[in-house]
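Examination of the molecular architecture
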Amino acid sequence: MNLLWLNISIGLLVTLVLIIRNYSRKISAYFFSLLWEAILIKLLLSFLIPVCKNIINKCFVEAVDTASENLNWGIFENLNLKYIYVWMGIGFVLILLFFLNYWLLLKQIRKFRKDSSRYEEFENKLSNTYKANIKICDWIQSPLTFGFFRTTILMPISTLTMTEKEQHYLISHEKIHVKYRDSAWKMLAVLIAAIYWFNPFLWLLVKYFNQDLELRCDHKVITELGDNKWYAELLLKFAKKMHTSVYLLNGFGESIIKKRIVAVLNFEKEKNKHFFSSMFLFFFALMLLMIRMDSLMSIRDSIKKPQAVEINNIPKEENPLWNYRDLGIEYDNEKWFYQGREVGGLVDIGYCIYVDENSHNGIWLYVVRDGNNETKSLEEISEKDAWKRIEE
């Protein structure tokens with residue numbers, strides 16, 4: 001599997017989910033967040049497993065193919081190193097920009113907290129009542145949840161004048177975000193979008209994933225507390241006034257307010273969609289599994305089977321070049337020769353890739369096979385052409 005195939009497959013899956021999300025009446029709205037999470041995990045593993053395989057080969061495998069300019073594992077298959085560097089460089093810059101934005105926002109929150117000591121008593125009351133770390137901020141319009149390891153619920157100053165029921169519903173909504181670690185999921189979604197920055201479908205995924213997290217929270221709140229009509233009115237009251245979006249925070253008054261209110265008012269119908277939603281989730285998981293990627297087994301195999309062989313590591317009878325003696329390959333004084341010249345590398349597509357890293361002026365040979373796939377002759381080629389043929 002290469003990078004192009006992975007992104008085409010994920011693009012088709014994202015398109016499928018969006019079509020069903022907008023036109024299906026059989027799938028419950030809060031189920032879509034699970035579909036997005038499944039795609040995010042797939043993309044993360046598709047990136048991490050080949051990277052881990054590379055690290056393991058570099059650290060634990062003594063004989064590694066260092067002459068190739070390509071990595072040939074998973075999404076890095078047939079991808080030149082210079083393109084990988086450009087890809088990773090842009091992704092790294094995007095990640096820095098996202099988290100710089102997040103850090104500046106947290107800094108702004110702390111700055112405003114310095115002048116809000118008069119809310120301390122109210123904060124302690126809320127935190128003790130709802131068993132959560134709750135803070136009051138005087139510059140936000142609706143509740144926010146942020147943090148990765150230590151999550152904080154940030155409430156607007158208007159909370160002080162609310163009824164106890166309103167406070168309870170608002171904080172319950174934010175506690176659902178904390179329970180399901182939605183802030184961490186948002187960070188992961190941004191990280192994945194930055195890694196696969198060239199895929200527009202990933203940016204769509206981030207947008208709709210943020211929306212569906214809110215739909216899931218709404219569903220859980222109504223399941224626990226009921227009174228969906230009153231909750232819908234509360235959503236309208238806290239419909240977000242700002243048009244800016246912070247992808248690393250969870251907010252009660254996020255966008256798609258119309259879709260959220262419709263889902264809340266049709267709560268009883270949403271519950272009856274559980275069977276079809278579960279079936280769709282199952283088949284969606286199967287489709288994800290069909291998108292092949294390097295498995296953990298391939299990492300284990302890469303330790304056992306190095307991609308290139310150094311002549312000092314094994315006896316000559318076990319060296320792969322021993323099988324090409326009939327074509328003129330000779331062994332002398334711990335070196336391999338062809339027509340009196342030292343062999344630096346040999347390529348037999350599908351059978352053998354030999355590299356002598358200690359040879360600086362050795363020739364490279366290409367094994368020519370006939371129509372019956374029998375070895376026919378040896379052709380002298382350049383090292384560059386050798387790796388090019390391997391890629392092709």
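Above: the structure in question.
Parameters at a glance
- Residue positions within a chain follow its written sequence, with the count starting from 1.
- Local features in this predicted model are restricted to residues of pLDDT 70 or higher, and side-chain atom pairs are both shown and tallied only at a pLDDT of 80 or more, whereas totals for entire chains, interfaces and linings draw on every residue.
- Computation of side-chain values: all heavy atoms of the structure, hydrogens and water removed.
- Salt bridges, as used here, are contacts in which a Lys or Arg side-chain nitrogen is within 4 Å of a carboxyl oxygen on Asp or Glu.
- Comment: elements are numbered from the N terminus, with helices defined as DSSP H or I runs of at least four residues and strands as E runs of at least two.
- Accessible area is worked out with a 1.4 Å probe on protein chains only. A residue is then buried under 20% of its type maximum, exposed over 50%, and partly exposed in between.
- Only residues whose relative accessible area exceeds 30% and that form no salt bridge are eligible for patches; like-charged ones are grouped when within 9 Å, while nonpolar side chains (Val, Leu, Ile, Met, Phe, Trp, Tyr) are grouped when within 5 Å.
- The protein chains shown are the only cover counted for residues, whose accessible areas, like all others here, come from Shrake-Rupley with a 1.4 Å probe.
- The convention used is that axes are lines fitted to C-alpha atoms, helices contributing only their stretch in contact, and that angles between N-to-C directions extend from 0 to 180 degrees.
- The scheme is simple: roughly parallel for angles under 35 degrees, roughly antiparallel for over 145, roughly perpendicular for 65 to 115, oblique for anything else.
- If you view the pair so one helix is near and one far, a crossing is left-handed when the near helix is turned anticlockwise from the far one by less than a right angle, and right-handed when it is turned clockwise.
- The contact criterion used is simple: two residues touch if any of their non-hydrogen atoms lie within 4.5 Å.
- The classification used treats Ala, Val, Leu, Ile, Met, Phe, Trp, Tyr, Cys and Pro as nonpolar, Asp, Glu, Lys and Arg as charged, and all other residues, Gly among them, as polar.

It is worth spelling out the pattern of salt bridges at this point. In the structure shown here, the tally under the stated rule is six salt bridges. Among the ionic pairs, Glu37 bridges to Arg216, the shortest N-O distance being 3.2 Å. Highlighted residues: Glu37 in helix α2 (residues 32-60) and Arg216 in helix α7 (residues 200-225), separated in sequence by 179 residues. Given the relative accessible area of 9%, Glu37 is considered buried. Its relative accessible area of 4% is what places Arg216 among the buried residues. Glu380 is paired through a salt bridge with Arg341; the nearest N and O atoms lie 2.6 Å apart. With a gap of 39 residues between them, Glu380 in strand β12 (residues 375-381) and Arg341 in strand β9 (residues 341-348) connect regions that are remote in the sequence. Looking at Glu380, the relative accessible area reads 43%, which means it is partly exposed.

Before going further, it helps to spend a moment on a nonpolar patch on the surface. Side chains of Val93, Leu97, Leu100, Trp103 and Leu104 sit close together on the surface and give an oily, nonpolar patch of about 480 Å² of accessible area. Here Trp103 shows up in helix α3 (residues 81-113). In this structure Trp103 comes out as partly exposed when scored by relative accessible area, which is 45%.

Remark: helix α1 (residues 3-23) packs on α7, axes separated minimally by 10 Å, with the N-to-C direction vectors making an angle of 40°. Relative to α7, α1 is oriented oblique. Between α1 and α7 the crossing geometry is left-handed. Together, Ile10, Gly11, Val14, Thr15, Leu18 and Arg21 of α1 and Phe201, Leu202, Leu204, Leu205, Tyr208, Gln211, Asp212 and Leu215 of α7 make up the contact between the two elements. For the contact of α1 with α7, the per-class residue count stands at nine nonpolar, three polar and two charged.

A word on unusual backbone geometry. The phi dihedral of Arg181 falls on the positive side, at around 50°, and the residue is not glycine. Looking at the secondary structure, you find Arg181 in the loop between α5 (164-179) and α6 (182-195). A relative accessible area of 48% means that Arg181 is categorised as partly exposed. Positive phi outside glycine occurs at Gln339, with the angle close to 55°. Among the secondary structure elements, Gln339 is positioned in the loop between β8 (335-338) and β9. On the basis of relative accessible area, Gln339 is assigned to the exposed category, the value being 60%.

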